[in-house]
Amino acid sequence: DGEEPIDIGFIGIPLSKTSISISGASMTPNALRELFANVTTYSIDHDVDLQELQARDMGDIQMHVTDLQRCHANIEQGLTNVYEALPDLFPIITGGDHSITCPSVKAFKKRFSGKVGIVQIDSHMDVRNLEDGGPSNGTPIRGLIESGTVDGRHIAQIGIHSFANSKPYREYALSKGITQFTARQVFQEGIEHLVEKAMEVAGNGTDAIYVTVDMDVLDQAYAPGVPAMVPAGMTSWQLFDAVFMLGQNPKVKGFDIVCVDPMQDPRRATVRTTLYVILSFLAGYMKRS
C-alpha cells in the first residue's frame, strides 16, 4: 500500500511456461525464500551489513495458468502498480525464465522520463524473432527493441557464448548497435574491465540502467541447475564481482535474475549461488555514497 518506506523489495515472478527448454524456474522465488535463513547479512569482503537496509519480501506477481500473454501483461501492470505506490523502491526481481525481463523493463521505463539502458549478463543474446512461437525466454531483448522500449545502442551484453547463439542473431544484434562481450573476453580481459565498458554503454545518454542476470552465464560446473548449461562460462567469483560493481553504480535502478530450475539443481547449489549473487549486488548497493 506504500505506507511503509522500503529501500529494497524482493518480488517473485513465477513464470517458466515461456521457456524454450523444459524448466521449473517458476519455483525459484520460493526456493530462494527457503534459503534466506541460511545466510547472514554481513559481507566480510566489503565490510557492509545488509541489516541496515529496509528490505521486504513483497510476494509474487500473479500468473495465469495457461495465457502467457496475460502473464506478461500482469508483470508489466503489477510492477507499474508497485512503482507508483513506492517510487523510491529498488526492486530485486526473481524469475522465472528470461521472458519476464521484457514486460519488467517496460514497467521500469515508465518510472523515468527519458531513456533506459540495459546491462545483460548472459550466455545468450535473447534476440530470437517473435514470429516463430511468440515471446519466450529467447526473445526479451528483441521484444524491447522492436517495441521501442530500449535502443540497441544502450544495451551491453556480457558473457555471450560460442555454440549457444546463431549467426543471424549476431548479425541482428550488430545491426541494432548492441555491444557484446563474449565469455572468452571475460576470461582474457577480466570482468571488471568489461563491466566498466558495459556501464558506459548502458549509461550513455540514459536516465537509468536495468541489470538482468541469466544464471546460465556461469560455467556448468558452477550452475548445474540451469536449463541451458554451457562449458567454459564465467566463474562464480567473476559474477559476484560483476554485480557488486553494478550495485555501486547509482544509475542502476533495477535488477532481475532468472533461469534457475530448482528441480534440476543438486542440493540447491545453483539456487544458493543465485542468492549470493543478489547479496553481492546489494553489498555494492550499500557502498553507494
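Quick look at the packing of aromatic side chains
In step 1: Under the definition given, this model contains eight aromatic pairs.
In step 2: Linked through ring pairs, Phe90, Phe255, Phe281 and Tyr285 together constitute an aromatic cluster.
In step 3: A cation over an aromatic ring shows up here: arginine 111 above the ring of tyrosine 83, its NZ or CZ 4.2 Å from the ring centre.
In step 4: In this structure, arginine 142 packs its charged tip against the face of tyrosine 172, placed 3.9 Å from the ring centre.

Section: the layout of surface pockets
In step 1: One number sums up the size of the largest pocket: a volume of about 430 Å³.
In step 2: Counting residues per element, the ones that place at least two in the lining of the largest pocket are strand E1 (8–13), strand E4 (55–60) and helix H9 (269–286).
In step 3: With four residues, the single largest contributor to the lining of the largest pocket is H9.

Topic: the packing of helix H7 (residues 191–203) against helix H8 (residues 236–248)
In step 1: Interhelical geometry of H7 versus H8 gives an angle of 35° and a closest axis separation of 10 Å. Crossing of H7 against H8: the hand is right-handed. On H8, the residues that touch Ile191, Glu192, Val195, Glu196 and Met199 of H7 are Gln238, Asp241, Ala242, Met245 and Leu246.
In step 2: Here the residues of the contact of H7 with H8 are counted per class, giving six nonpolar, one polar and three charged.

Section: H7
In step 1: Here H7 contains 13 residues, and its C-alpha end-to-end distance of 18 Å stays within 8% of the 18 Å for a straight helix at 1.5 Å per residue.
In step 2: Inspection of H7 places Ile191, Leu194, Val195, Ala198, Met199, Val201, Ala202 and Gly203 among the buried residues, and these make up the whole buried set.
In step 3: Looking at the buried positions of H7, the neighbouring elements they touch are strand E6 (116–121), strand E7 (155–160), strand E8 (179–182), helix H6 (183–189), strand E9 (208–214) and H8.
In step 4: Note on H7: the residue one or two positions beyond its end, glycine 205, has a positive phi of about 85°.

Things to note about the side chain of threonine 18
In step 1: If you trace the backbone, threonine 18 turns up in the loop between E1 and helix H1 (28–35).
In step 2: When residues no more than four places from it in sequence are discounted, the contact partners of threonine 18 are Leu68, His72, Asp97, Ser99, Pro135, Ser136 and Asn137.

Quick notes on the packing of H8 against H9
In step 1: Relative to each other, H8 and H9 sit at 35°, their axes nearing to 6 Å. Crossing hand, H8 versus H9: right-handed. For the pair formed by H8 and H9, the contact residues are Ser236, Leu239, Phe240, Val243, Phe244, Leu246, Gly247 and Gln248 on the first element and Thr273, Tyr276, Val277, Ser280, Phe281, Ala283, Gly284 and Tyr285 on the second.
In step 2: When its residues are assigned to classes, the contact of H8 with H9 shows ten nonpolar, six polar and no charged.

Remarks on the pattern of salt bridges
In step 1: Summed over all chains, the structure comprises six salt bridges.
In step 2: With a closest N to O distance of 2.8 Å, arginine 56 and glutamate 4 form a salt bridge. Within this pair, whereas arginine 56 is found in strand E4, its partner glutamate 4 is found in the segment before E1, the two being separated by 52 residues in sequence.
In step 3: Glutamate 4 sits in the partly exposed class, given a relative accessible area of 33%.
In step 4: In this structure, glutamate 76 engages lysine 110 in a salt bridge whose closest nitrogen and oxygen atoms are separated by 3.0 Å. With a gap of 34 residues between them, glutamate 76 in helix H2 (residues 68–85) and lysine 110 in helix H3 (residues 101–110) connect regions that are remote in the sequence.
In step 5: A single salt-bridge network, built from bridges that share partners, covers Arg33, Asp57 and Asp60.

Overview of the sheet that holds E1
In step 1: Taken together, the eight strands give an open sheet; going across it, the order is E4-E1-E5-E10-E9-E6-E7-E8, and neighbouring strands pair in parallel fashion. Each edge of the sheet is formed by a strand with only one pairing partner; in this case those strands are E4 and E8. Recorded for the sheet is a direction-independent mean angle of 15° between the axes of neighbouring strands.
In step 2: Pairing of E6 with E7 involves four bridges; the strand directions are parallel. For isoleucine 121, the partnering residue across the bridge sits in E7 and is isoleucine 158.
In step 3: Helix-sheet contacts for H2 involve E1, E4 and strand E5 (90–95), and the interaxial angle to E1 is about 165°.

The rules behind each value
Residues numbered from 1 in each chain as written. Predicted model: local features only at pLDDT ≥ 70, side-chain atom pairs only at ≥ 80, totals over all residues. Heavy atoms only, no water. Phe/Tyr/Trp six-rings, centres within 6.5 Å; stacked < 30°, edge-to-face > 60°. Lys NZ or Arg CZ within 6 Å of the ring centre and 35° of its normal. 1 Å grid on protein atoms, 1.4 Å probe; cavity = no way out; pocket = protein on both sides within 12 Å on 5 of 7 lines; lining within 4 Å. Points joined across faces, edges and corners; volume = space filled by probe spheres on them. Helix = DSSP H or I, 4+ residues; strand = E, 2+ residues; numbered from the N terminus. Axes fitted to C-alpha atoms, helices over the stretch in contact; angles between N-to-C directions. Left-handed = near helix turned anticlockwise from the far one by under 90°. Contact = heavy atoms within 4.5 Å. Nonpolar A, V, L, I, M, F, W, Y, C, P; charged D, E, K, R; others polar. Expected span 1.5 Å × (residues − 1). Buried < 20%, exposed > 50% of the residue type's maximum accessible area, 1.4 Å probe, protein only. Salt bridge = Lys/Arg side-chain N within 4 Å of Asp/Glu carboxyl O. Pairing = 2+ DSSP bridges.

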